[in-house]
Amino acid sequence: MKRILEKARKASLKSKWMLAVGATIFISYALISVVLYVALQTWLINNEEKNAVRTVEDMTSFFEAQRSTVTIQKLQNNNALMKAILTQEQTVRIFNGDGIEVMRINDVTPVAQFPQNEWHQGVVMDRQTIDGVDAFVVHQFVQIGAFQGVMQLIHPLATFQSMMKYILTTIIIVGAGALLFSVSISYYLANVLMKPLIQLRDAMNLVRNNGFNAQPEFRYKADDEIGDLLEMYRTLMNELEVSF
């Protein structure tokens, strides 16, 4: 740490300027990116959870609307419900009281683990890893006529994870481009600001070697602090020349 601080102390003003500007922009972008990433992740995962619960509620309403039996034909006729299940690659299973599967819709994911608590105590949702894929698993007590059982819905999070990877990759690529751009801009500004100071240094060396007769012309004409410094140097040199 001491070596780094020593090198930073001995670095040129231009290098310090570039490092300061680059570090400031990088840290600011990193903080904003972290906040944005976490916010998007929270929003998307909540949306996935709501989609899973919505499908369970729609399935429960559909079953409750059936008087005695549920057939594949009735399910297929419910286009909106089937489209939601297929589009989101969800899997729905119905189990009887003995845990035996009696119905399956869109078999794309194996059976998930059942919750430890009682199924009939309302909707039970947890997050499981099934065949290496994270998923929301929802269990809901259902009744179809005289039949009572448990509905298991598996909502894979593969789309959510792909989206988060895409967002992270985009943030990294944009961050690298922003860092390169900021370093380039800071390098250009450092050269612009350091140029009159370098001219002032060369002018002082020239006066030291050749006396007061050597009065270089400064090309920096801006009305700012550096311009005031150069004007004060000209005035000082003119006064010393008159005095000596």
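For the structure itself, look to the data block above.
What you see is a predicted model; the values in this text were computed from it and never measured.

J.: An account of the environment of Val-138 is needed here, citing residue identities and associated values.
T.: Relative to the helices and strands, Val-138 resides in strand E4 (residues 133–144). Given the relative accessible area of 1%, Val-138 is considered buried. Those residues in contact with Val-138 that sit more than four places away from it in its chain are Ala-52, Val-56, Val-123, Val-124, Met-125, Met-151, Gln-152 and Leu-153.

J.: So what's going on with the packing of helix H2 (residues 13–65) against helix H5 (residues 158–210)? Residues and values would help.
T.: Each pair of packed helices can be described by the angle between their axes along with the distance between the axes. Direction vectors running N to C along H2 and H5 enclose 160°, while the axes themselves pass 8 Å from each other. Taken together, the axes of H2 and H5 are roughly antiparallel relative to one another. The crossing of H2 and H5 is right-handed. Among the residues making up the contact of H2 with H5, the classes are represented as 26 nonpolar, 7 polar and 2 charged.

J.: Can you break down the nonpolar core residue by residue, with the values?
T.: In this structure, Met-59, Phe-63, Val-92, Ile-105 and Met-151 are the most contacted members of the largest nonpolar core, which totals 18 residues. Per-element accounting of this core gives the leading share, 5 residues, to H2.

J.: A description of H5 should follow, citing residues and the corresponding values.
T.: Taking 1.5 Å per residue as the helical rise, H5 with its 53 residues ought to reach 78 Å, and the 76 Å between its terminal C-alpha atoms agrees with that figure. Along H5, the sharpest kink reaches roughly 35°, centred on Met-194 and followed within four residues by the proline Pro-196.

J.: Provide a residue-level description of the sheet that holds E4, including the pertinent values.
T.: Ordered in space as E2-E1-E5-E4-E3, the 5 strands form an open sheet in which the pairing is antiparallel. Looking at the sheet topology across the chains shown, the edges are occupied by strand E2 (101–105) and strand E3 (124–130). Strand-to-strand twist in this sheet, taken as the mean axis angle between neighbours without regard to direction, amounts to 25°. Pairing analysis gives 4 bridges linking strand E1 (residues 91–95) to E2, with the strands arranged antiparallel.

J.: Could you give an account of the layout of surface pockets, with specific residues and numbers?
T.: Within this model, the largest pocket holds a volume of roughly 220 Å³. Every residue lining the largest pocket is counted, 13 residues in all, and those nearest its centre are Glu-48, Asn-51, His-155, Thr-159 and Phe-160. Within the residue set of the lining of the largest pocket, elements represented by two or more residues are H2, strand E5 (147–156) and H5. For the lining of the largest pocket, the class distribution of residues is 5 nonpolar, 6 polar and 2 charged.

Conventions used here
- Residues numbered from 1 in each chain as written.
- Predicted model: local features only at pLDDT ≥ 70, side-chain atom pairs only at ≥ 80, totals over all residues.
- Heavy atoms only, no water.
- Helix = DSSP H or I, 4+ residues; strand = E, 2+ residues; numbered from the N terminus.
- Buried < 20%, exposed > 50% of the residue type's maximum accessible area, 1.4 Å probe, protein only.
- Contact = heavy atoms within 4.5 Å.
- Axes fitted to C-alpha atoms, helices over the stretch in contact; angles between N-to-C directions.
- Parallel < 35°, antiparallel > 145°, perpendicular 65-115°, else oblique.
- Left-handed = near helix turned anticlockwise from the far one by under 90°.
- Nonpolar A, V, L, I, M, F, W, Y, C, P; charged D, E, K, R; others polar.
- Core = buried A, V, L, I, M, F, W, Y, C linked by side-chain atoms within 4.5 Å.
- Expected span 1.5 Å × (residues − 1).
- Bend = angle between axes of the 7 residues up to and from the residue.
- Pairing = 2+ DSSP bridges.
- 1 Å grid on protein atoms, 1.4 Å probe; cavity = no way out; pocket = protein on both sides within 12 Å on 5 of 7 lines; lining within 4 Å.
- Points joined across faces, edges and corners; volume = space filled by probe spheres on them.

Purely geometric stuff here, so don't read any function into it on its own.
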